[in-house]
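Spelled out from the first residue to the last, the chains are:
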Amino acid sequence: MASKLTRANRAGWLMAFPGVALMTLFIIVPFFLAFAYSLTNQRLASPNAAEYVGFKNYSDLLGVAVFTLEPERDDSGAVIRDEDGEIEYPRLRGFTRNNPDYPNLAGKREWFSWQSGENRTVVLASDVVFMKALVNTFTFVLFVAPIQAGLALCLALLINQKLRGINIFRTIYFMPVVVSIVVVSLLWQFIYSPGEGLLNNVLGWLTFGAFEGIDWLGRTDTALPSIMAMSIWQGVGFHMVIWLAGLQNISPTLYEAGEIEGAGKWQTFRYITWPGLRNTAVLILIVITMQAFALFAQIDVMTQGGPLDSTQVLVFQAVERGYGKQDISGGSTISAILFVIVLTISLIQRYLTRER
Amino acid sequence: MKNLRHATALAAIACAGMAQAQTELSLWYHGAGSANAEEALVNQVVADFNASQSDWKVVLETFPQLAYNDAVGAAALADELPDILDVDGPVMPNWAWAGYMQPLGIDEAKLEGFLPGTIGRWNGEIYSVGLWDAAVAMMARRSVLEENGIRIPTLEEPWTREEFDGVLQTLKDTGEFDYPLDLGMAWKGEWYPYAFSPFLQSFGGDIVDRDGYQTAEGVLNGDAAIEFGEWWQGLFENDMAPGTSQDAADRETGFLEGKYALSWNGNWAALPVVEKFGDDALFLPAPDFGEGPVIGGASWQFGIAKTSEHPEGARAFIEFAIQPKYLSAFSDGTGLIPSTADAAADTANYNAGGALEVFYELSENQAKLRPVTPGYIVQAKVFEKALADIANGADVIDTLDAAVDEINEDIENNQGYGH
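For clarity, every value in this text was computed on a predicted model and none was experimentally measured.

### With respect to the interface of chain A and chain B
In step 1: Taken together, the contacts link 24 residues of chain A with 25 residues of chain B.
In step 2: Tallied by class, residues from the side of chain A that touches chain B come to 7 nonpolar, 11 polar and 6 charged.

In structure tokens:
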């Protein structure tokens with residue numbers, strides 16, 4: 001016997017069918033496949049059958065160890081220093097490679113280290129590239145989500161006015177969203193180009209030639225910020241439109257009441273606009289966070305993760321491993337980890353922004 | 001009028017009848033939208049073959065090069081491979097191992113005199129053959145070298161490492177160039193292992209130990225490799241060559257415009273150099289870093305898909321395509337090196353005294369295949385990243401160690417790649 005849900009909604013189910021079927025085929029099934037593959041050694045192309053390997057892929061990615069390096073000492077026990085007075089340490093490869101005394105360090109590489117007295121404490125990771133990708137992705141999200149949401153709100157407030165020709169501004173702000181991200185990335189590559197790039201030229205002109213050209217995408221300290229700036233510019237129009245929809249949902253009677261009560265501009269925003277945007281804000285925060293975690297095309301086109309892994313991110317690594325290096329299980333494992341991260345953060349955001 | 005219509009109908013039936021007699025063979029090719037005559041030439045070979053006999057009809061489908069390997073991989077998973085495949089030389093062992101391809105089955109006598117880089121072997125059998133090879137040379141200008149008192153190296157006596165380092169310093173000191181040497185760092189991807197692993201091999205290292213292809217330990221991180229890595233890093237530290245953020249446009253035209261004194265580039269880029277500098281243009285052999293001068297060999301080749309139901313037809317097409325006249329035609333149309341000396345004699349650029357003749361000798365004398373192993377696809381990517389990182393200032397030994405670990409782990413995960 002059919003339940004009321006299926007019987008009463010036959011037409012509804014029929015209409016939903018194409019969408020549900022496609023989503024099942026292209027999102028839900030691959031999603032479960034990724035989890036399954038991450039427990040095997042599945043390859044993209046191989047005559048060898050895939051085998052179940054348990055959580056090996058996860059430990060290969062997430063393995064971390066801490067190790068304290070003691071300085072090299074001469075016969076009298078004094079610390080050896082080089083010409084610059086820096087303490088000399090034995091090379092880590094002596095411990096991490098073919099050294100049966102330190103099985104927990106085998107195959108690991110230095111991730112970062114700090115000085116403590118004469119000793120140097122080193123944090124080693126099984127997969128330093130993955131760790132850097134993890135950190136870069138979080139950095140990207142932490143900067144992009146608030147800045148992009150804030151800028152989008154400012155733009156939305158600016159264009160939410162009844163002025164002549166305001167549609168021109170709306171179109172201009174929204175334009176980057178419509179252009180393919182690959183095209184945008186290629187164009188920005190020219191803008192960031194060292195030497196004769198547009199940005200360097202403009203900065204040089206503004207400072208009357210005092211500005212020295214910067215290789216924006218070729219330096220470890222400017223590459224990721226450059227990509228952040230470009231991503232914010234590209235995405236801000238989309239979220240502006242969502243804010244705008246939220247703004248236009250606020251009843252004009254509230255503003256009229258505020259005006260009668262003599263509210264100032266800031267008070268109007270603080271006590272009428274902002275509370276009215278509550279649900280929109282939650283939506284935008286979650287959407288931007290998820291989009292920022294999925295950063296891929298800009299990296300693929302502009303830097304390929306370089307220089308020195310300063311722009312490695314999770315999705316790029318998943319694709320690079322899965323397709324580039326034919327390691328489907330490795331790529332799947334990164335996807336699975338990314339899913340857990342995004343889910344956790346979304347749940348936390350939902351909890352923090354819940355109706356009280 | 002009515003008669004005419006009858007005649008057309010008859011002709012149509014006749015055509016259909018002919019087409020039925022010929023069994024269709026599919027051919028995939030990587031050169032869609034190529035800038036030169038490559039695509040037209042492939043079409044020509046296919047048309048000639050179809051007209052030359054009545055058993056087979058080859059149907060050509062071309063792909064953009066960047067999407068080609070992915071298309072083949074996807075087709076293999078879906079069991080939709082064409083009969084005849086076009087395959088990049090170093091990738092062939094991977095496809096053969098993964099079961100995409102079957103041995104050619106062509107009589108080896110027919111391949112006599114072919115350049116070593118044009119024949120693809122895996123596990124003792126020939127899987128692919130190419131109509132051309134490519135070679136890399138140090139492009140230079142005679143006038144620049146002579147003005148600065150630099151010896152012009154020959155195949156017999158290439159520059160040694162000390163000499164080459166001295167040449168770079170001399171050219172840098174002139175102050176006439178942005179950089180003395182252009183390595184083509186803007187060309188990400190296969191260019192890195194293709195163009196730069198020969199330097200490593202000349203130092204005495206390699207990407208992987210070719211004795212069994214089971215490990216890179218001691219080869220990619222041995223003393224020779226570390227020496228190479230330090231030399232490599234020095235090129236960028238001392239501003240001898242533009243690094244990984246080189247502008248792609250500068251790579252294309254920098255040497256022609258005089259921004260660089262030397263350019264490490266392939267023969268496909270040689271014709272514009274000859275046009276621009278005429279007799280002043282020089283194509284010099286690779287420097288000898290200790291273990292002899294080396295350049296990379298092997299380019300795109302033809303092979304037969306394992307799933308092909310008509311391998312004899314595919315074989316007939318490939319045998320047809322490797323006739324000397326097509327080798328010459330491809331060379332004339334694309335500037336690539338024809339696979340045999342006979343064909344070379346008939347070309348515009350590689351005949352005796354031709355503008356690019358030197359490349360044939362380079363290919364014949366210095367070419368070394370990239371590691372012939374299914375794992376090459378991964379190893380090439382690891383090598384590329386290691387070289388980019390070292391160029392950007394990463395610790396040489398740690399970077400090479402990490403590359404070795406990654407390569408070894410991949411070999412292990414693939415159960416030795418069937419060697």
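### Concerning the environment of S59 of chain A
All names here are of chain A.
In step 1: By the secondary structure assignment, S59 is in helix α3 (residues 56–62).
In step 2: The exposed category is assigned to S59, around which 11 C-beta atoms lie within 10 Å.
In step 3: Along the chain, S59 and V241 lie 182 residues apart, while their C-alpha atoms are 43 Å from each other.

### Describing the packing of helix α6 (residues 166–178) of chain A against helix α9 (residues 223–249) of chain A
Residues and elements named next belong to chain A.
In step 1: At a closest axis distance of 7 Å, the pairing of α6 and α9 adopts a crossing angle of 120 degrees. α9 is crossed by α6, and the crossing has left-handed handedness. The residues of α9 that touch α6, namely those facing Y173, F174, M175, P176 and V177, are W233, Q234, G237, F238, M240 and V241.

### Description of the domain arrangement of chain A
In step 1: Per the domain assignment, the segments of chain A are domain 1 (64–125) and domain 2 (129–352).
In step 2: Using C-alpha coordinates to define each centre, domain 1 of chain A is positioned 40 Å away from domain 2 of chain A.

### Section: the UniProt feature "transmembrane region" (unreviewed entry) in chain A
All names here are of chain A.
In step 1: Using the residue numbers shown here, the UniProt feature "transmembrane region" (unreviewed entry) corresponds to residues 12–37, 138–159, 171–191, 223–245, 280–299 and 328–348.
In step 2: Taken end to end, residues 138–159 is 100% helix and 0% strand, and its two terminal C-alpha atoms sit 31 Å from one another.
In step 3: Secondary structure across residues 280–299 comprises 85% helix and 0% strand; the distance between its end C-alpha atoms is 29 Å.

### Digging into helix α8 (residues 223–237) of chain B
Residue and element names in this part refer to chain B.
In step 1: An ideal rise of 1.5 Å per residue puts 21 Å on 15 residues; α8 measures up with 21 Å between its terminal C-alpha atoms.
In step 2: All of the buried residues along α8 are A224, A225, F228, G229, W232, Q233 and L235.
In step 3: Looking at the buried positions of α8, the neighbouring elements they touch are α7 (191–203), α15 (376–391) and α16 (396–413).

What counts, and at which threshold
- Residues numbered from 1 in each chain as written.
- Chains lettered and ligands numbered in written order.
- Predicted model: local features only at pLDDT ≥ 70, side-chain atom pairs only at ≥ 80, totals over all residues.
- Contact = placed C-beta atoms within 7 Å.
- Nonpolar A, V, L, I, M, F, W, Y, C, P; charged D, E, K, R; others polar.
- Helix = DSSP H or I, 4+ residues; strand = E, 2+ residues; numbered from the N terminus.
- Buried ≥ 20, exposed ≤ 12 C-beta atoms within 10 Å, placed from the backbone.
- Axes fitted to C-alpha atoms, helices over the stretch in contact; angles between N-to-C directions.
- Left-handed = near helix turned anticlockwise from the far one by under 90°.
- Domains from an automatic or database assignment.
- UniProt positions renumbered as here; feature names shortened; annotations may be inferred.
- Expected span 1.5 Å × (residues − 1).

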